[in-house]
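Each chain, written out:
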Amino acid sequence: QRAVREAAEYAGARRPAYIIEEPMAAAIGVGLPVQEPTGSMVVDVGGGTTEVAVISLGGIVTSSSVPVAGDELDEAIISWVKKEHGLALGERTAEEVKTSLGSAWPLEQELSAELRGRDLVSGLPKTVVTTTEEIREALEEPVSAIIDAVKVTLDTTPPELAADVMERGIVLTGGGALLLGLRERLESETGMPVLMADDPLKSVVLGSGRSLEAFEALRGVLFASSR
Ligand SMILES: Nc1ncnc2c1ncn2[C@@H]1O[C@H](COP(=O)(O)OP(=O)(O)O)[C@@H](O)[C@H]1O
Ligand SMILES: [Mg+2]
């Protein structure tokens, strides 16, 4: 934390620089009652990491961070398509496949679509047909790693706070949370209600902004630099 603070001040932030932890900013951004004694759980699936945090009385009670999130889903699509179809996909294409065909739970209507890439043997452009079921299978490993991170955090959550989460629901945010069916999958595996943030790509930014607006009220969740 000191390093971040010093970097912020070195970069020109006014002193003292205040720091807010990302899961806290996300929780404030989605409107969770972070200052209250009740327990709130936020799961932020970003690009590089998934952060799970239980918050109560303005502090993070228990949290975990795993290096599996959106990027890892793209990678999983690339390796699957390479192995199953002998096709090389670029990272941008893989991300597009994820957002348009990816899912973590059976869809009401499964679809098929064409994938364009480069044939690994001939080096020439090639098109193969894939389905939403197939892409879901490709994503299974990183998706279950994300789910496991939530389950492990729930296991280490004090029982009263876990009961609060059971009542109010887990809040899912971050761009990776937009993966179709991730909410349903998480509900089914944890047995808890799961709510989607209104604007999953912006929760952290919104929360940081809101904590500045409500500076006095939220003082306890910010860390001031010592200088
Ligand atoms: N509709 C979508 N479906 C699945 N993943 C998505 C969707 N939109 C964005 N993403 C993924 O969200 C991730 C970025 O989320 P973000 O919360 O901005 O990450 P970070 O906070 O780590 O920068 C990327 O991996 C991106 O591919
Ligand atoms: Mg983020």
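Our structure is the block above this text.
The structure presented is a predicted model; accordingly, all values stated were derived computationally and were not measured.

## Let's talk about the nonpolar core
Line of reasoning, step 1. Core analysis: the biggest nonpolar cluster contains 40 residues, and Met41 and Ile170 have the highest contact counts within it.
Line of reasoning, step 2. Secondary structure elements with two or more residues in this core: strand 2 (40-45), strand 3 (50-56), helix 3 (70-85), helix 4 (91-101), helix 5 (132-155), helix 6 (159-168), strand 8 (170-173) and helix 7 (182-190).
Line of reasoning, step 3. No other element matches helix 5, which puts nine residues into this core.
Line of reasoning, step 4. Leave out the neighbours within four places in its chain, and Ile170 touches Met41, Val43, Val150, Leu154, Val165, Thr190, Met192, Pro193, Val194 and Leu195.
Line of reasoning, step 5. If you look at the next biggest cluster of nonpolar residues, it comprises 17 residues, including Leu32, Val42, Ile55 and Val221.

## Remarks on the pattern of salt bridges
Line of reasoning, step 1. All chains considered together, the criterion is met by 10 salt bridges.
Line of reasoning, step 2. In this structure, Lys98 engages Asp74 in a salt bridge whose closest nitrogen and oxygen atoms are separated by 2.9 Å. With Lys98 in helix 4 and Asp74 in helix 3, this pair connects stretches of sequence that are 24 residues apart.
Line of reasoning, step 3. Each of the salt bridges in this network shares a partner with another, and the network as a whole consists of Glu140, Lys151, Arg185 and Glu189.

## Quick look at the side chain of Ser203
Line of reasoning, step 1. Examined against the element boundaries, Ser203 turns out to sit in helix 8 (residues 203-213).
Line of reasoning, step 2. Polar contacts involving the side chain of Ser203 include one to the side chain of Thr173, which spans 2.6 Å.
Line of reasoning, step 3. Excluding residues within four positions of it along the chain, Ser203 makes contact with Ala25, Ala26, Gly29, Val30, Thr173 and Ala197.

## Re the site of ligand 1
Line of reasoning, step 1. In the region of ligand 1, 13 residues are neighbours, and Gly47, Glu95, Lys98, Gly175 and Gly176 sit closest.
Line of reasoning, step 2. Between an oxygen atom of ligand 1 and a side-chain N or O atom of Lys98, the distance comes to 2.6 Å.
Line of reasoning, step 3. Contact between ligand 1 and Gly175: an oxygen atom at 2.8 Å from a main-chain N or O atom of the residue.
Line of reasoning, step 4. A total of 590 Å² of accessible area belongs to ligand 1 in isolation, and the protein chains cover 68% of it.
Line of reasoning, step 5. Where the shell around ligand 1 is concerned, the elements lending two or more residues are helix 3 and helix 4.
Line of reasoning, step 6. Here the shell around ligand 1 gets three residues from one element, more than from any other, and that element is helix 4.

## Points about the environment of Gly58
Line of reasoning, step 1. Mapped onto the elements, Gly58 comes out in the loop between strand 3 and strand 4 (59-66).
Line of reasoning, step 2. It is 6.3 Å that separates the C-alpha atoms of Gly58 and Gly220, two residues lying 162 residues apart in sequence.
Line of reasoning, step 3. Ignoring sequence-local partners within four residues, the contact set of Gly58 consists of Met24, Val34, Gln35, Gly220 and Val221.

## Focus: the packing of helix 5 against helix 7
Line of reasoning, step 1. Remark: helix 5 packs on helix 7, axes separated minimally by 11 Å, with the N-to-C direction vectors making an angle of 50°. Accordingly, the angle class assigned to the pair helix 5 and helix 7 is oblique. Of the two possible hands of crossing, helix 5 and helix 7 adopt the one that is right-handed. Residue-level contacts link Glu140, Val143, Ser144, Ile147, Val150, Lys151 and Leu154 of helix 5 to Leu182, Arg185, Leu186, Glu189 and Thr190 of helix 7.
Line of reasoning, step 2. For the contact of helix 5 with helix 7, the per-class residue count stands at six nonpolar, two polar and four charged.

## Focus on a negative patch on the surface
Line of reasoning, step 1. Together, Asp71, Glu72, Glu75, Glu91, Glu95, Glu96 and Glu141 make up a negatively charged patch on the protein surface.
Line of reasoning, step 2. Those elements that provide at least two residues to the negative patch are helix 3 and helix 4.
Line of reasoning, step 3. Turning to its location among the elements, Glu96 is positioned in helix 4.
Line of reasoning, step 4. Relative accessible area serves as the criterion here: at 48%, Glu96 is assigned to the partly exposed category.

Thresholds applied
Residues numbered from 1 in each chain as written. Chains lettered and ligands numbered in written order. Predicted model: local features only at pLDDT ≥ 70, side-chain atom pairs only at ≥ 80, totals over all residues. Heavy atoms only, no water. Core = buried A, V, L, I, M, F, W, Y, C linked by side-chain atoms within 4.5 Å. Buried < 20%, exposed > 50% of the residue type's maximum accessible area, 1.4 Å probe, protein only. Helix = DSSP H or I, 4+ residues; strand = E, 2+ residues; numbered from the N terminus. Contact = heavy atoms within 4.5 Å. Salt bridge = Lys/Arg side-chain N within 4 Å of Asp/Glu carboxyl O. Polar contact = N/O pair within 3.5 Å; in protein donor to acceptor, adjacent residues only side chain to side chain. Near = heavy atom within 4 Å. Areas by Shrake-Rupley, 256 points an atom, 1.4 Å probe, with all protein chains shown as cover. Axes fitted to C-alpha atoms, helices over the stretch in contact; angles between N-to-C directions. Parallel < 35°, antiparallel > 145°, perpendicular 65-115°, else oblique. Left-handed = near helix turned anticlockwise from the far one by under 90°. Nonpolar A, V, L, I, M, F, W, Y, C, P; charged D, E, K, R; others polar. Patch = residues over 30% accessible without salt bridge, like charges linked within 9 Å, V, L, I, M, F, W, Y side chains within 5 Å. Lys, Arg positive; Asp, Glu negative; His and termini not counted. Charge placed at Lys NZ, Arg CZ, Asp CG, Glu CD.

All we've got here are geometric facts, nothing functional implied.
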